[in-house]
Amino acid sequence: MMSVRSRPQFLHLGLFFAAYVLGCGFAQALAIVPGVTVSIWPPGGVFIATLILASPYSWPWWILAGCLAEMFAQFVWFHSPLPAGFLIYIGNALGAVVGATLVNRTCGRPVRLETLQEVLAFVVLGAGVAPLVSATVGSATLAWFGVGSQTFTAVWPLFWIGDATGILLVAPPALVVIQYWRSKTQLSPAQRMEAGVLGLIFLGVAALSLSDIYLPTPYIIMPPLLWTAARFEFRGAAVALTLLALITMALTISGDSQFVGDPESQRERQIMLQLFLAISAFSALIVAAISRQRQLALVTSRDRERELSQLVDMVPSHVWRLAPDGEPIFFNKRMVDFLGLDVTDTDKLGMSRLTAMIEAGVHPDDAGAFGDTLRRCLATGEVFAMRYRLRRVDGIYRWMSSRAEPLRDEDGRIVQWYGLCHDIDDQMHAEEALRRSERQLRETIDAVPVRIWSAKRTGGPVYFNKRYQDHFRSVIANFEAIEEPRIEKLLQELIHPEDAPEVQNTLRNCFETGGVSTMRFRWREEDGAYRWAECRVEPRRDENGEVTEWYGVSLDINDEVSAQEALRDRERELSQLVNMVPVHIRRLTPEGEPTFFNKRLLDFFGLNDLAQLDKPDMSRLAAAIQALVHPDDAPLLLHTVRHSLATGEPYFMKYRMRHADGAYRWIDGRGEPVRDQSGAIVQWYAISIDIDGEVRAQEELRLAQASLARASQAASLAELSASIAHEVNQPLAAIVANSSACHRWLSAKPPNLERAKITAERIIRDANSAAEVVRRIRALFRQSVEPRNRTKLGSIIAEARDLMAEEAARRRVRLDVDVGSSLPLLALDRVHIQQVLVNLIRNGMDAMDSIAGDRVLGVRVRRVGDVVQTEISDRGAGVAFPDKIFEPFFTTKGNGMGMGLAISRSIVESHGGRLWEEKNEPLGAKFVFTLPIETKAAP
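Keep in mind that what you see is a predicted model, and the values were worked out from it rather than measured.

Our focus in this paragraph is the overall build of the protein chain. When helices and strands are counted, the protein chain shows 25 helices and 22 strands. Within the protein chain, the fraction of its 939 residues that count as buried is 40%. Long-range contacts, defined here as pairs at least 24 residues apart, represent 59% of the contacts in the protein chain between residues at least 6 apart. For the protein chain, the computed accessible surface area is about 51,500 Å², with 57% contributed by carbon and sulfur atoms.

Between its first and last C-alpha atoms helix α23 (residues 793-810) spans 26 Å; for 18 residues at 1.5 Å apiece the expected length is 26 Å, and the two agree. Of all bends in α23, the biggest is about 45 degrees, found at M804. Within α23, the full set of buried residues consists of L793, I796, I797, A800, M804, E807 and A808. Count one or two residues on from α23 and you reach R812, which has phi positive near 60 degrees.

The subject of this paragraph is the pattern of salt bridges. Tallying each qualifying case throughout the model produces 35 salt bridges. Between K926 and E871 there is a salt bridge, with its nearest N and O atoms 3.8 Å apart. Taken together, the residues span a long stretch of sequence, with K926 in strand β22 (residues 925-932) and E871 in strand β20 (residues 867-873) at a distance of 55 residues. Overall, K926 belongs to the buried group, its relative accessible area being 17%. Of the residues examined, E871 reaches a relative accessible area of 14% and is grouped as buried. If you follow the salt bridges from partner to partner, you end up with E807, R810, R811, R842, D846 and D849 in one network.

Attention shifts here to empty space enclosed by the protein. Tallied over the full model, the rule gives 5 cavities of 30 Å³ or more. When its volume is computed, the largest cavity comes out at roughly 200 Å³. In terms of lining, the largest cavity is formed by 16 residues, of which the most central are R586, L621, A624, I625 and L637. When residues of the lining of the largest cavity are traced back to their parent elements, those giving at least two are β11 (584-588), β12 (594-597), α18 (599-605), α19 (620-628), α20 (634-647) and β13 (651-658).

Before going further, it helps to examine the packing of helix α4 (residues 82-107) against helix α5 (residues 116-145). Contact pair α4 / α5: the axes reach a minimum separation of 8 Å and the direction vectors enclose 165 degrees. One finds that α4 runs roughly antiparallel with respect to α5. Once α4 is placed against α5, the crossing between them reads as right-handed. A per-class count over the contact of α4 with α5 returns 19 nonpolar, 9 polar and 1 charged.

Right, let's talk about helix α24 (residues 830-847) for a bit. When the terminal C-alpha atoms of α24 are compared, their 26 Å separation across 18 residues agrees well with the 26 Å that a helix rising 1.5 Å per residue should span. Inspection of α24 places H832, I833, V836, L837, V838, L840, I841, N843, G844 and M845 among the buried residues, and these make up the whole buried set.

Attention shifts here to the pairing of β12. Sheet analysis places β11 next to β12, joined by 3 bridges and oriented antiparallel. Bridge pairing links R586 to F597 in β12. The hairpin formed by β11 and β12 contains 5 residues between the paired strands, and G592 there has a positive phi angle of roughly 100 degrees.

Right, let's talk about the environment of A174 for a bit. Looking at where A174 falls in the secondary structure, it is placed in helix α6 (residues 152-180). By relative accessible area, A174 is classed as partly exposed at 22%. For the pair A174 and G45, spaced 129 residues apart in sequence, the C-alpha separation works out to 8.1 Å.

A few words now on the sheet that holds strand β6 (residues 451-456). Spatially, β7-β6-β10-β9-β8 is the arrangement adopted by the 5 strands of the open sheet, whose pairing is antiparallel. Edge positions in the sheet fall to β7 (463-464) and β8 (517-524), since each has one partner strand and no second. Pairing geometry for β6 and β7, over 2 bridges, is antiparallel. For S454, the partnering residue across the bridge sits in β7 and is Y463. In the packing of helix α14 (residues 466-475) onto the sheet, the strands contacted are β6, β7, β8 and β10 (547-556), and the crossing angle to β6 comes to about 100 degrees.

Working note: a packed helix pair is described by the angle between its axes plus the distance between those axes. The contact between α23 and α24 brings their axes to 9 Å, and the two run at 40 degrees. Relative to α24, α23 is oriented oblique. By crossing handedness, the relation of α23 to α24 is classed as right-handed. Packed against α23, whose contacting residues are L793, S795, I796, I797, E799, A800, L803, M804, E807 and A808, the element α24 presents R830, I833, Q834, L837, V838, I841, R842 and M845 at the interface.

This next bit is on the packing of aromatic side chains. For the coordinates displayed, the defined rule picks out 12 aromatic pairs. Ring geometry for F16 versus F47: centroids 5.7 Å apart, planes at 65 degrees, classification edge-to-face. In this pair, F16 sits in helix α1 (residues 10-30) while F47 sits in helix α2 (residues 42-53), placing the two residues 31 residues apart along the sequence. The burial state of F16 is the same as that of F47; both residues are buried.

Taken in spatial order, the 5 strands of this open sheet run β2-β1-β5-β4-β3, and their pairing is antiparallel. In the strand order of this sheet, the two ends are held by β2 (328-331) and β3 (384-391), each with one partner. Pairwise comparison of adjacent strand axes, ignoring direction, gives a mean angle of 25 degrees for this sheet. The pairing of β3 with strand β4 (residues 397-408) spans 8 bridges and is classified as antiparallel. In the strand pairing of β4, A385 is matched with R403. Contacts from helix α11 (residues 353-361) reach β2, β3 and β4, with the element oriented near 50 degrees to β2. With respect to the sheet, helix α12 (residues 364-380) is in contact with β1 (318-322), β3, β4 and β5 (414-423), its orientation differing from that of β3 by roughly 150 degrees.

Attention shifts here to the environment of P635. Note on placement: P635 falls in helix α20. In this structure the C-alpha to C-alpha distance between P635 and I625, which are 10 residues apart in sequence, comes to 8.6 Å.

Moving on, we get to the environment of G552. As for its placement among the helices and strands, G552 is situated in strand β10. With 100 residues separating them along the chain, G552 and I452 place their C-alpha atoms 5.7 Å apart.

This part covers the nonpolar core. Membership of the largest hydrophobic core comes to 45 residues, with the highest contact counts inside it found for Y20, F47 and I52. Residue assignment for this core shows that the elements contributing at least two residues are α1, α2, α3 (59-78), α4, α5, α6 and α9 (266-314). Excluding residues that lie within four positions of it along the chain, F47 makes contacts with F16, Y20, W62, I63, Y89, N92, A93 and A96. Grouped together as the second largest cluster of nonpolar side chains are 34 residues, L793, I833, I841 and V859 included.

Turning our eyes to something else, we now look at the side chain of T640. By the element assignment, T640 lies in helix α20. Side-chain polar atoms of T640 contact the backbone oxygen of L636, separated by 2.8 Å. The contact partners of T640, leaving out residues within four places of it in the chain, are Y651 and M653.

What counts, and where the lines are drawn
Along each chain, residues carry numbers from 1 onward, in the same order as the chain's sequence is written. The predicted nature of this model means local features are confined to residues of pLDDT at least 70 and side-chain atom pairs, given and counted, to a pLDDT of 80 or more, with totals for whole chains, interfaces and linings taken over all residues. Working from all heavy atoms in the structure, the side-chain values ignore hydrogens and water. Note on conventions: DSSP H or I runs of at least 4 residues are helices, E runs of at least 2 residues are strands, and numbering of each starts at the N terminus. Think of it in three bands: with a 1.4 Å probe and only protein chains considered, a residue is buried below 20% of the maximum accessible area for its type, exposed above 50%, and partly exposed in between. Contacts: residue pairs with any heavy atoms within 4.5 Å of one another. Methods summary: accessible areas were calculated by the Shrake-Rupley approach with a probe of 1.4 Å, and residue burial reflects only the protein chains presented. Expected span of a helix: the number of residues minus one, times 1.5 Å. For a residue, the bend is simply the angle between two axes, fitted respectively to the seven-residue segment ending there and the seven-residue segment starting there. By definition, a salt bridge exists where a carboxyl oxygen of Asp or Glu is found within 4 Å of a side-chain nitrogen of Lys or Arg. Detection works on a 1 Å grid of protein atoms alone, calling trapped sets that fit a 1.4 Å probe cavities and calling open sets with protein on both sides within 12 Å along at least five of seven lines pockets, with lining residues defined by an atom within 4 Å of a point. Grid points are joined across faces, edges and corners, and a volume is the space filled by probe spheres set on the points. The axes are straight lines fitted to the C-alpha atoms, using for helices just the contacting stretch, and the angles between their N-to-C directions are given from 0 to 180°. By definition in this entry, angles of less than 35 degrees are roughly parallel, angles greater than 145 are roughly antiparallel, angles of 65 to 115 are roughly perpendicular, and the rest are oblique. Each crossing gets its hand from how the near helix is turned against the far one by less than a right angle, where anticlockwise is left-handed and clockwise is right-handed. Amino acids outside the nonpolar list (Ala, Val, Leu, Ile, Met, Phe, Trp, Tyr, Cys, Pro) and the charged list (Asp, Glu, Lys, Arg) are all regarded as polar, and Gly is one of them. We call two strands paired when DSSP finds no fewer than two bridges between them. In summary, the pairing rule links any two rings of Phe, Tyr or Trp, Trp by its six-membered ring, whose centres are within 6.5 Å, and it sorts them by plane angle into stacked for under 30 degrees, edge-to-face for over 60 and tilted for everything else. Joining through side-chain atoms within 4.5 Å is the link that ties buried Ala, Val, Leu, Ile, Met, Phe, Trp, Tyr and Cys residues into a set, and such a set is a nonpolar core. Contacts described as polar in this section are N or O atom pairs within 3.5 Å, which, within protein, must combine one atom able to donate a hydrogen with one able to accept it, while residues neighboring in sequence count only if both atoms come from side chains.

This is how it looks when you write it as structure tokens:
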């Protein structure tokens, strides 16, 4: 078979190309009509057979290969103008596509040509309809280009019949060869001999009948052709048609064929040749299809008969057949194996087969009844049905259920009896065990600590177990005198008057509709007190679904009812407590869907119930956050809640929620999961507290602290300035005075060098004093050297994150901290490094104050070689002056002093590390500092 992939194999394309070109040569050899260039067209059969077998997705490849073959054949055989040859090929391709499409849709894929219906469909659609397209296009092309001065009306009939003959002659053999030639079916020696003899006969008759000197008509070849098709089906027809086509071509080319004559009659002879080959191909295909269909029918019939015989033998029952007079004529294999004898083994002199079989197989206690019943049924024609014991081949008797019915002819006369004998020995023993079980069950029912009753659907006495009867006797004085107690009447005597009408209506409806019912009512006890009971009633149905019996059970549930009432009271109290607690409480499913808001929360939002939050195509959680949470806080809250739902970790967050009056208020929200014994989350509980007043107070306090800090900075700066002026003024004044004295001593006549030298030494002393003053002032901005301990940098980062968490929430900044695993311990001044982290984190949050998008501040810690590198990145506008930001007193903030980054760099460098700034991608800034694993003092 060809590949059904979109691109065929190049080997298959090459074979198709060669077959197409050889078919063109065959057509050229038979084009012997003077002035006419058309004849039998085998390439049409090759083309349509290929498209039928190939996938439609690969048709463009075959059409391209056919076009190349056509152009090659035009160049080698026909010598027609290339445009004319191309248009003729277009017609051939359209005909092949139309024929293959019609055949595939009619016969289905794959086309096997196994039935007469498929062959007729192929002949009509593939060889009849498809050539109409190719003949019309080809004839019009020949007439248009004037090839051989041919006209449309003169060429079209020969064109159509030539294409049809080529398809009939080539396509079916091609289909059969490709699909069936690899069959594993082998010919027997007799079939091989028959095929050889038939081949010789076929060749001889074909040579004689097709030549013009021996036999008067070529149709004498039909008997051996049809013989081949009938005996060897499609493969024989394919070989015979191929030989017939080759012999016809050889004789036509040599001029010895009956279809070659003078130029005046050659057109008619050409038509006769095409009709001869078409009729031969059509006849051979029809006979092969009929033979194949008959062979399949015979095989199917034999298989069906064999399957039926096997089915009868495999039926898990004993099947037997009797003559009209009752004589056994057939036992199936299971019955023969069971009895250890066949029908013929029951033949005894002076005794019928039936009597002998009863005597040999039926238990003596059952033989008389079996024989009488069977003979009566034989005489009356009634159906025979009976249970009896039958002896097995090992001598053990087993219970059987046997049934036999007569088979009658059209006149109603009994032709024979068919019987079925089924082994029910296990069923009989089971029924006996069931009866014993029923007795035990009845005793158990009387002993169980519940009251049970049953009643027939059609009426009759009601069964009450012992506990029920004892209860009736203790409450109803004349219970023993009631001959046919009815459940409705008895229950009326026991049920509380307020509950009796509802119970009676429920029972009546249950009996009328056949449904299941459950009733709760108060039940009178022996002491006159009433206790709560529950009665459950269900029907038992037969195989047809009809109610056959009713069963009821009554349970004392007084303690349960009391407990439920106490539980409801407790639930009411708890519900009131939940609604009165001055916090907002809500409950969520494990997936995060809200299922409960307490009254305070509903009142806060101005809602009546949770259904008001439902939106199509959106979860209730997302809809609630979108509708009730401030737009600036909603994304972070939704992310936080979903993270907790995925990890099972509790969450807490401060955010703003919309009040019923439309104003947003700050809320402190927290949620924790509730888990079952296996640790699985069953639901989430969350609370939220209105902290709007507290947040506003904290904001006011922060502003006051900031104002105080600025005032303190100003005061400190003034004090520092005064101190600097005071400290530096004295040594500077001394330097000026001594410099003037030195100038005077040097200007004297003569210069007093000794005094000038002493004065210069004093100048040096005063300059050193000024330097010491400056050193002490610089020490104010330097961090004092404190003892350093080996510490985990991750714990310091966690502390810094906690310190900045509240400010981050207030400023809507999400801290994304990523600390690498297995970081080594570092010798650090914990307070100083924490100051560096807090300063850099606050700078990052300040940089993102002006952006409206997602505010994320990243902290990433990794080991890089022999240092631990920490990166703090933001998504702000970036650093405008990267070369000045570490200079003291340089700042881009309106209220900054410009000392934070300078002091941070001094701290990092005092630990032996580095601090620098980079550009963050895609936007923002990134501050990076390193700390050595082995501490080195700063120079």
